Amino acid sequence: MSDFSASWLALREPYDRRARDPVLLEQVAAAFSDRTSITVVDLACGTGATLRALAPVLRPRQNWRLIDNDLSLLARIEAPPAAAGVILAPTPVDLARDLELALDGAVDLVTTSAFLDLVSPDWLDRLAVEAAARGLPVYAALTYDGDVVFTPTDPFDDRVMAGFNRHQRIDKGFGPALGPAAARAMATAFTRVGYAVESRPSEWRLGPEDAEIQLELVSGFAAAAREVDEIALPDIVGWISRRRAAVEGGGAGLRIGHVDAFARTTGKRWGDRSQSNSTSSPIG
């Protein structure tokens, strides 16, 4: 789970697809309904889950520039079924260093999924400024918000998840990560540069039939918590054992909060002070 392996991405993709907010998907499609073609840049694309979720609702002629720094994931990208008219360009880019390069050229829409909680406040501000400079709408889905609820509950749940959420804030290659604060930070960062941002929940809701991913998540939560919290080994092992027993007994559920957002320019230039009564810098 922690290394974003292809197997983990494949396991989570159906749950991501189910959780994506349909209203925002429709809004993204409607924003380009009068276009004969669209060019999309997908940041941190992994194996192409955003492509497979979004391409079916967009116009038939699509060009996708799929950005990731992991060549093994880029090599596994597959287009969605019946993808005639969809052109793929997997492109290796170090987004921590070369975000601007990823956004340059002919682009109509920027997308990303399950990524903004891994970046720093500075990097997110950089994305907002670069998108605004180019007038690009941004669809960011499945940003983790820190809200996790287990069924049945366990007295040690809060300790483990507090550790996991601290782990979410450590540097993931982009500076100290936003973690659970990312969804709110995105809305703030894009509003500052003149965007209208609509955010909607996109929760994972897992039940007894979702045992495989629940077991994977329990292991991942525990491993991350142990890295940042001095949890005694017997305590963490006991928690894992109880959680696994609940899952394997067929009575476990898990709700994990995510947020989808669609940020669109309002027509006002973010650098134009005449559009605002504020005398302070919109990004300072």
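Because the structure is predicted, anything quoted here is derived from the model rather than measured. (Residues numbered from 1 in each chain as written. Predicted model: local features only at pLDDT ≥ 70, side-chain atom pairs only at ≥ 80, totals over all residues. Heavy atoms only, no water.)

Visitor: Looking at this model, I keep getting lost on the pairing of strand β4 (residues 109–113). Mind explaining?
Guide: Within a regular beta strand, the side chains point alternately toward one face of the sheet and then the other, so they alternate between its two faces. β4 sits mainly inside the fold: 5 of its 5 residues count as buried. Alternating residues of β4 divide into Leu109, Thr111 and Ser113 and Val110 and Thr112, and every residue in both groups is buried. Bridge count for strand β1 (residues 37–43) against β4 is 4 bridges, and the pairing is parallel. Note that in β4 the partner of Asp42 across the bridge is Thr111. (Buried < 20%, exposed > 50% of the residue type's maximum accessible area, 1.4 Å probe, protein only. Helix = DSSP H or I, 4+ residues; strand = E, 2+ residues; numbered from the N terminus. Pairing = 2+ DSSP bridges.)

Visitor: Would you explain the packing of aromatic side chains in this entry?
Guide: In this description, an aromatic ring pair is defined by two values, namely the gap between the centres and the angle between the planes. For the structure shown, the criterion picks out 9 aromatic pairs. Measuring from ring centre to ring centre gives 4.8 Å for Phe164 and Phe221, while their planes differ by 75°; the resulting arrangement is edge-to-face. Of this pair, Phe164 sits in helix α7 (residues 157–167) while Phe221 sits in helix α9 (residues 211–228), placing them 57 residues apart in sequence. Across the pair, Phe221 and Phe164 agree in class, each one buried. Ring centres 5.1 Å apart and planes at 80° place the aromatic pair Phe190 and Tyr195 in the edge-to-face group. Phe190 gets classed as buried once you look at its relative accessible area, which sits at 0%. Classification of Tyr195 by relative accessible area gives buried; the value is 4%. (Phe/Tyr/Trp six-rings, centres within 6.5 Å; stacked < 30°, edge-to-face > 60°.)

Visitor: How should I be thinking about the pattern of salt bridges in this particular structure?
Guide: Two side chains carrying opposite charge are able to pair once their charged atoms lie near each other. Overall, the coordinates contain 19 salt bridges when judged by the stated rule. Two residues, Arg18 and Asp210, come together in a salt bridge whose shortest N-O distance is 3.9 Å. One end of the pair, Arg18, is in helix α1 (residues 6–19); the other, Asp210, is in the loop between β7 (204–206) and α9, and 192 residues separate them in sequence. The class of Asp210 is buried, set by a relative accessible area of 5%. (Salt bridge = Lys/Arg side-chain N within 4 Å of Asp/Glu carboxyl O.)

Visitor: Explain the confidence of the model for the protein here, please?
Guide: Close inspection of predicted coordinates is inappropriate for parts of the model with low pLDDT. Of the residues in the protein, 92% reach a pLDDT of 70 or more, and the chain-wide mean stands at 91. pLDDT under 50 marks residues 270–284. Its contacts with residues more than four places away, or in other chains, come to 17 contacts. (pLDDT = per-residue confidence, 0-100. Contact = heavy atoms within 4.5 Å.)

Visitor: Would you mind going over unusual backbone geometry with me for this structure?
Guide: In most cases, non-glycine residues show a negative phi, while peptide bonds are predominantly trans. The step from Thr151 to Pro152 runs through a cis peptide bond, and the omega angle for that step is -10°. Inspection of the secondary structure assignment puts Pro152 in the loop between β5 (138–151) and α7. Phi at Ala44 takes a positive value of approximately 55°, unusual for a residue other than glycine. What makes Ala44 partly exposed here is its relative accessible area of 23%. Positive phi is not limited to glycine here, since Ala114 has a value of about 50°. For Ala114, the position within the fold is in the loop between β4 and α6 (121–134).

Visitor: Please explain the nonpolar core as it appears in this structure.
Guide: Side chains of a nonpolar character, in soluble globular proteins, are inclined to be buried together. Membership of the largest hydrophobic core comes to 49 residues, with the highest contact counts inside it found for Trp64, Leu109, Tyr139, Trp204, Leu217 and Phe221. Broken down by element, this core gets its largest block of residues, 7 residues, from α9. Setting aside anything within four residues of it in sequence, one finds Tyr139 in contact with Arg20, Leu24, Leu25, Val28, Leu54, Leu109, Val110, Thr111, Thr112, Asp260, Ala261 and Phe262. Ala128, Val129, Leu136 and Phe190 belong to the second-largest nonpolar core, a separate cluster that totals 34 residues. (Core = buried A, V, L, I, M, F, W, Y, C linked by side-chain atoms within 4.5 Å.)

Visitor: I'm lost on helix α8 (residues 182–192) in this one. Help?
Guide: The α-helix winds at 3.6 residues per turn, so residues separated by three or four positions along the chain end up facing the same way. Residues of α8 that are buried: Ala182, Ala183, Met186, Ala189 and Phe190. Each buried residue of α8 lies within a common arc of 125° when the element is viewed along its axis, so the set occupies one face. Lining the buried residues of α8 we find α6, β5, β6 (195–201) and β8 (253–265). Of the residues one or two after α8, Gly194 is the one with positive phi, at around 95°. (Arc of directions from axis to C-beta.)

Visitor: Mind showing me how you'd approach α6 here?
Guide: With 14 residues, α6 ought to run about 20 Å at 1.5 Å a step, and its terminal C-alpha atoms sit 20 Å apart, in line with that. Residues Trp123, Leu124, Leu127, Ala128, Val129, Glu130, Ala131 and Ala132 constitute the buried set of α6. The elements touched by buried residues of α6 are β1, α5 (95–103), β5, α8 and β6. Remark: Gly135 follows α6 within two positions and exhibits a positive phi of approximately 65°. (Expected span 1.5 Å × (residues − 1).)

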